[in-house]
Amino acid sequence: MLNRRMLIAAAGVALSCLAAIPAAAQETIKIGLILPMTGPFASTGRQVSAGAKTFMVMKGDTVAGKKIELVIRDDAGTADQTRRIAQELVVNDGAKVLAGFGLTPLAMAVAPVATQAKIPSVVMAAGTASITKASEYITRTSGTLPQYSLPVGTWAAANKIKKVVTLVSDYGPGIDAEKWFTKEFKAKGGEIVEAVRVPLANPDFAPFLQRVRDAKPDAVFVFLPSGAGSLFMKQFADRGLADAGIKLIATGDVTDDDILNSMGKPAIGTITGHFYATAHDSPENKAYVAAFKKANADMRPNFMSVGGFDGMALIYAALEKTKGDVTGPAFMAAVKGLSWTSPRGPVSIDPETRDIIQNIYMREVKDVNGELQNVEFQTFKDLKDPEKADAK
Amino acid sequence: MLTILFDGIAYGMLLFILACGLTVTLGLMNFINLAHGAFAMAGGYVTVVMMNRYGISFYWCLPAAFIVSALIGLVLERTLYQWLYQAPHLDQVLFSIGIVFMAIAATDYFMGGQQQLINLPPELSGRMDVFGVGVGRYRLFTIIVCAALALALQLILSKTRFGSRLRAAVDDRRVAMGLGINVPLVFALTFAFGSGLAGLGGAMGAEILGLDPNFPLKFMIYFLIVVSVGGTSTVSGPFLAALLLGIADVAGKYYVPAIGPFVIYALMIVMLIVRPNGLFSRGGR
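Analysis parameters
- Residues numbered from 1 in each chain as written.
- Chains lettered and ligands numbered in written order.
- Predicted model: local features only at pLDDT ≥ 70, side-chain atom pairs only at ≥ 80, totals over all residues.
- Heavy atoms only, no water.
- UniProt positions renumbered as here; feature names shortened; annotations may be inferred.
- Helix = DSSP H or I, 4+ residues; strand = E, 2+ residues; numbered from the N terminus.
- Patch = residues over 30% accessible without salt bridge, like charges linked within 9 Å, V, L, I, M, F, W, Y side chains within 5 Å.
- Areas by Shrake-Rupley, 256 points an atom, 1.4 Å probe, with all protein chains shown as cover.
- Salt bridge = Lys/Arg side-chain N within 4 Å of Asp/Glu carboxyl O.
- Contact = heavy atoms within 4.5 Å.
- Buried < 20%, exposed > 50% of the residue type's maximum accessible area, 1.4 Å probe, protein only.
- 1 Å grid on protein atoms, 1.4 Å probe; cavity = no way out; pocket = protein on both sides within 12 Å on 5 of 7 lines; lining within 4 Å.
- Points joined across faces, edges and corners; volume = space filled by probe spheres on them.
- Nonpolar A, V, L, I, M, F, W, Y, C, P; charged D, E, K, R; others polar.
- Pairing = 2+ DSSP bridges.
- Axes fitted to C-alpha atoms, helices over the stretch in contact; angles between N-to-C directions.
- Polar contact = N/O pair within 3.5 Å; in protein donor to acceptor, adjacent residues only side chain to side chain.

## Let's talk about the UniProt feature "transmembrane region" (unreviewed entry) in chain B
Residue and element names in this part refer to chain B.
For step 1, the next point in the chain: UniProt's feature table lists "transmembrane region" (unreviewed entry) at residues 6–24, 57–81, 93–112, 138–158, 179–200, 220–247 and 254–274, given in the numbering used throughout.
For step 2, the next point in the chain: Secondary structure content for residues 57–81 is 88% helix and 0% strand, while the C-alpha to C-alpha distance between its ends is 33 Å.
For step 3, the next point in the chain: From the first C-alpha to the last, residues 254–274 spans 26 Å; its make-up is 81% helix and 0% strand.

As structure tokens, this is what we get:
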């Protein structure tokens, strides 16, 4: 009899324990991560999601007493899908925060949803300056093209480069890059010999490169999305532009760490400006790279991944500040002025524009222990996005 | 000036090698095979895997790319394509575009979505100066291989027994069968051959055009332009068309970069107005 009673009591205790677990777990905050996981921009999606997951592996999945759950959805890089998925995540799945957004049009498509539903949205990749103006509820943890094109102009003018040909992809980010590099470089006394815009779907760079060669500049400034960038790099070397004394300077997209190693020798010596390099020398970054490689089968983290990682860092920090309050206005108030040490160095969120303030590094591609790396040699500290600073 | 011409010829040759397989299937077999680019992509990935994972020489990769793509073509022809020879063209289009999407998804799954790069042997990279004309070594190699291929293809189709059997099988399937020609075999071999050519083109193009899972969609338009301008009933037509388009594209982008990308389409429209059936058409078919 006694035994039976004890059994019942034990069962009761066990049951109440079981009941207690879901009660705690109900405090789950869902974060909808919308990324191009397939299609031409799949590498962006892979890197961002891997970065975000690495953060959760390193820092755990609870913050301010709430459990964080990532819901990753694929929009294949098309804006109408991004918007539909955003609506579904908010309305059906009860996502409290949206994040991801691989490309400018995708982030723009979500802006109205974020505004209407008052859902905080964290841009982890897309880089056109104007995105954060589209909604009060958008903040960004990647960077903007003006932010990292401008210092390349500063550097070029200070380093005996007088004549430059710019060569960019003919779409939003490319035009941003061209505009801000040119503006800074001219202001510092440089001359732009020619501005070439390459169609986004361009199979062969031969004619454009020949044009650059014939213009005989000191350097060519390049922005291309990372896949096309690698092809460009090979043809640049093949055409003997380096031998003709033309330097290659670019935004970091061209020497994307994800594929830099497979570019081989032609990439060596390229000077780029960007906010993150796998080889960035800091204890935070060493820990990040090690954790990332462990969690993602030896993949090499690039700037996209650190955008994803810091996106999660921002969400965690904001939740800690609001003590778990995830409603739009409270969350966005917490986001403004946040600062933390990222694998890329110190970063903070501009209270006025909700855009990221960060260091921009000048780097040179070098062979480091048999692997190609972007090695940083100069730092421009705490840069704001110049486009929005200029508009004021 | 001459450098631009040279680059244009090399680019045109590359277009030809990619598209000539399509001429064979689309023109000679009268089958609308939009999945042609998928075979080219297969050849490209064979090269990438062999070179980057196993360190096999680029020269061995080219025949391997041909053979693997040809085998894939043969298997698909026997299992899927052969049922659609008599089907309306719309069915063929839908079927082959479906194959394209499946190929893209499969490649993405197995190889990842990133751009694939190969490192050519040193003797093929860089460029040399020949009488003041900058000649890219790899582009020269492309021109030589493609020219040899065009010649061989023309000879096979016009001079060999197999060529005449194929032409007979296309023109009148029933009569050809009545004459004792094994039409299904001829078609299967031809299809495999066309796919193999695509694979070779993909392997050679990986260096210049790049390679990612969207290759078949990205270049489909170029294949179709070459074949439609060149006409589908000969090999020399698409050959000339590819050269012309390659040169026009490169020169257009060099001299008038602002409208450069449009030159190739403008040229296509003009050509199709002047000669709606292609450069060398066999009557008004």
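Read on, since the account is not over.
## What to know about a nonpolar patch on the surface
For step 1, the next point in the chain: Together, B:Met1, B:Leu2, B:Leu5, B:Tyr255, B:Val256, B:Ile259 and B:Phe262 line one region of the surface with nonpolar side chains, adding up to about 730 Å² of accessible area.
For step 2, the next point in the chain: Note that B:Tyr255 resides in helix α10 (residues 236–255).

## A few points about the environment of A:Arg83
All names here are of chain A.
For step 1, the next point in the chain: In this structure, Arg 83 sits in helix α3 (residues 79–91).
For step 2, the next point in the chain: Spatially, the C-alpha atoms of Arg 83 and Ala 177 are 27 Å apart, while their sequence positions differ by 94 residues.
For step 3, the next point in the chain: Contact partners of Arg 83, with chain neighbours within four places excluded, come to Ala 109, Pro 112 and Val 113.

## Some remarks on the pattern of salt bridges
Residue and element names in this part refer to chain B.
For step 1, the next point in the chain: Summed over the entire model, instances satisfying the criterion amount to 22 salt bridges over all chains.
For step 2, the next point in the chain: Across the pair Lys 253 and Asp 249 runs a salt bridge whose closest N-O atoms are separated by 3.4 Å. Note that Lys 253 and Asp 249 are positioned in helix α10 at a spacing of four residues, about one turn of the helix. The exposure classification of Lys 253 matches that of Asp 249, with both residues buried.

## What about the layout of surface pockets?
For step 1, the next point in the chain: Volume-wise, the largest pocket comes out at about 970 Å³.
For step 2, the next point in the chain: Mapped by element, the contributors of at least two residues to the lining of the largest pocket are α2 (42–59), α4 (104–117), α5 (145–158), α8 (226–238), α9 (257–263) and α11 (303–322) of chain A together with α9 (215–230) of chain B.
For step 3, the next point in the chain: Among the elements that line the lining of the largest pocket, the one with the most residues is α8(A), at four residues.
For step 4, the next point in the chain: Partitioned by chemical class, the residues of the lining of the largest pocket number 26 nonpolar, 18 polar and five charged.

## Here we look at the sheet that holds strand β4 (residues 97–100) of chain A
Residue and element names in this part refer to chain A.
For step 1, the next point in the chain: An order of β2-β3-β1-β4-β5-β6 is seen for the six strands of this open sheet, with the pairing classed as mixed. Each having just a single partner strand, β2 (62–63) and β6 (138–140) make up the two edges of the open sheet.
For step 2, the next point in the chain: Pairing of strand β1 (residues 28–35) with β4, which is carried by four bridges, proceeds in the parallel orientation. Considered in β4, the bridge of Ile 34 is made with Gly 100.
For step 3, the next point in the chain: Seen against the sheet, α4 touches β4, β5 (121–123) and β6 and runs at an angle of roughly 165 degrees to β5.

## A word on empty space enclosed by the protein
For step 1, the next point in the chain: Overall, the coordinates contain one cavity of 30 Å³ or more when judged by the stated rule.
For step 2, the next point in the chain: Around the largest cavity sit A:Gln235, A:Asp238, A:Arg239, B:Arg127, B:Gly136, B:Arg137, B:Tyr138, B:Arg139, B:Glu207 and B:Ile208, which together line it.
For step 3, the next point in the chain: Listed by contribution, the elements that provide at least two residues to the lining of the largest cavity are α8 of chain A together with α5 (137–159) and α8 (183–209) of chain B.
For step 4, the next point in the chain: Top contributing element to the lining of the largest cavity by residue count: α5(B), with three residues.
For step 5, the next point in the chain: Here the lining of the largest cavity is built from residues that sort into two nonpolar, two polar and six charged.

## Observations concerning the environment of A:Asp355
All names here are of chain A.
For step 1, the next point in the chain: Here Asp 355 is to be found in the loop between β13 (345–349) and β14 (356–368).
For step 2, the next point in the chain: In this structure Asp 355 comes out as buried when scored by relative accessible area, which is 2%.
For step 3, the next point in the chain: In this structure the side chain of Asp 355 is engaged in a polar contact, spanning 2.9 Å, whose partner is the side chain of Arg 140.

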